[in-house]
Amino acid sequence: MPGTARSHKLIHPYAFYARKIPLKQRCLAFVLTGFGSGLFPKAPGTAGSLVALSLLYGFGFLKLSFINQIWVCVLITAISIGACFLFFNILGESEDHQSIVIDEFAGMSVALIACPDHILFAMTAFAMFRLFDISKLFPVNYIEMQFRGAKGVVLDDVMAGIYASTAVFVGNSILKLF
């Protein structure tokens, strides 16, 4: 029965790594957990965000044109919503488990939009994203409560990414004045 303690134990994303689970579902779990980063016992969201930052920075996201960065963010967000939707559809639940960190990838990609191509700015975007994601300032908290299921899981992180991107942009603009 959904919602009971027993069902939560059965639906834990760790369970999807078991060999008796079909390969497609194990692959889905691998994506949902941010290539396993969401399985960290402490601060899985931070771990997922660090993996997202490493991949995005490593693959040259900051070197892309602004419009291409937007397209990559849209693609990552769509994949995130789709993966969460499949996961929730399989289980018949819509609870955001802490090991599901694919939403952090969408949020971090947005946080890095228009970020100067320098590791210090990227790390600042990471710190700002985590601050806004954890603090759930309005409208991040509103989005999380208003949208249930896959959209709510991902879109609150996208909003936190918008806050982080704005903070880095404003900070960079102020630095250019000096």
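> Describe in detail the overall build of the protein, supporting the description with residues and values.
Scanning the protein from terminus to terminus reveals eight helices and zero strands. In the protein, the order of α-helices and β-strands from amino to carboxyl end is α-α-α-α-α-α-α-α. Taken over 178 residues, the protein has a buried fraction of 42%. Taking the contacts inside the protein whose residues are at least 6 apart along the sequence as the reference set, 72% of them involve residues at least 24 apart. If you sum the accessible surface of the protein, you get close to 9,900 Å²; carbon and sulfur atoms cover 71% of it.

> Describe the confidence of the model for the protein, with residues and values.
When the pLDDT values of the protein are averaged, the result is 85; 88% of them are 70 or greater. By mean pLDDT, the top-scoring element of the protein is helix α5 (residues 102-111) (96), and the lowest-scoring one is helix α1 (residues 5-11) (38). Considering only residues more than four positions removed or in separate chains, one finds that residues 1-11, a stretch of pLDDT under 50, has 13 contacts.

> With reference to specific residues and values, describe the packing of helix α4 (residues 66-91) against helix α8 (residues 150-177).
Contact pair α4 / α8: the axes reach a minimum separation of 8 Å and the direction vectors enclose 150°. As the angle between them shows, α4 and α8 are arranged roughly antiparallel. Our pair here, α4 against α8, has a crossing hand that is right-handed. For the pair formed by α4 and α8, the contact residues are Thr-77, Ser-80, Ile-81, Cys-84, Phe-85 and Phe-88 on the first element and Ala-150, Lys-151, Val-153, Val-154, Leu-155 and Val-158 on the second. Residues belonging to the contact of α4 with α8 are distributed by class as follows: nine nonpolar, two polar and one charged.

> How would you sum up the environment of His-118? Please name residues and give values.
Within the secondary structure, His-118 is located in the loop between α5 and α6 (119-135). Along the chain, His-118 and Lys-63 lie 55 residues apart, while their C-alpha atoms are 10.0 Å from each other. The residues contacting His-118, other than those within four sequence positions of it, are Tyr-57 and Leu-62.

> Please set out the environment of Thr-46 residue by residue, giving values where relevant.
In this structure, Thr-46 sits in helix α3 (residues 44-58). Classification of Thr-46 by relative accessible area gives partly exposed; the value is 25%. When the C-alpha positions of Thr-46 and Ala-127 are compared, they lie 9.4 Å apart, and in sequence the two are 81 residues distant. The contact partners of Thr-46, leaving out residues within four places of it in the chain, are Phe-126 and Arg-130. At 3.2 Å, the side chain of Thr-46 forms a polar contact with the side chain of Arg-130.

> Tell me about α4, and please be specific about residues and values.
Helix length check: α4, at 26 residues, gives a terminal C-alpha distance of 38 Å against a target of 38 Å (1.5 Å per residue), a fit within 8%. Taken as a whole, α4 has its buried residues at Gln-69, Cys-73, Ile-76, Thr-77, Ser-80, Ala-83, Cys-84, Phe-87 and Phe-88. Where α4 terminates, the next one or two residues include Gly-92, which has phi positive at roughly 75°.

> Tell me what's going on with the pattern of salt bridges, and back it up with residues and numbers.
If you walk through the whole model with that rule in mind, you get five salt bridges. Ionic pairing is found between Glu-104 and Arg-130, a salt bridge with its closest N-O pair at 3.0 Å. Pair noted here: Glu-104 is in helix α5 and Arg-130 is in helix α6, with a separation of 26 residues, a long-range link. For Glu-104, a relative accessible area of 6% translates into the label buried. Between Asp-133 and Arg-130 there is a salt bridge whose closest N-O contact spans 2.8 Å. Taken together, the residues Asp-133 and Arg-130, both in helix α6 and three residues apart, mark about one turn of the helix. A relative accessible area of 5% means that Asp-133 is categorised as buried.

> How would you summarise the side chain of Asn-172 if you had to cite specific residues and measurements?
Residue placement: Asn-172 occurs in helix α8. Relative accessible area serves as the criterion here: at 12%, Asn-172 is assigned to the buried category.

Parameters and conventions
- Residues numbered from 1 in each chain as written.
- Predicted model: local features only at pLDDT ≥ 70, side-chain atom pairs only at ≥ 80, totals over all residues.
- Heavy atoms only, no water.
- Helix = DSSP H or I, 4+ residues; strand = E, 2+ residues; numbered from the N terminus.
- Buried < 20%, exposed > 50% of the residue type's maximum accessible area, 1.4 Å probe, protein only.
- Contact = heavy atoms within 4.5 Å.
- Areas by Shrake-Rupley, 256 points an atom, 1.4 Å probe, with all protein chains shown as cover.
- pLDDT = per-residue confidence, 0-100.
- Axes fitted to C-alpha atoms, helices over the stretch in contact; angles between N-to-C directions.
- Parallel < 35°, antiparallel > 145°, perpendicular 65-115°, else oblique.
- Left-handed = near helix turned anticlockwise from the far one by under 90°.
- Nonpolar A, V, L, I, M, F, W, Y, C, P; charged D, E, K, R; others polar.
- Polar contact = N/O pair within 3.5 Å; in protein donor to acceptor, adjacent residues only side chain to side chain.
- Expected span 1.5 Å × (residues − 1).
- Salt bridge = Lys/Arg side-chain N within 4 Å of Asp/Glu carboxyl O.

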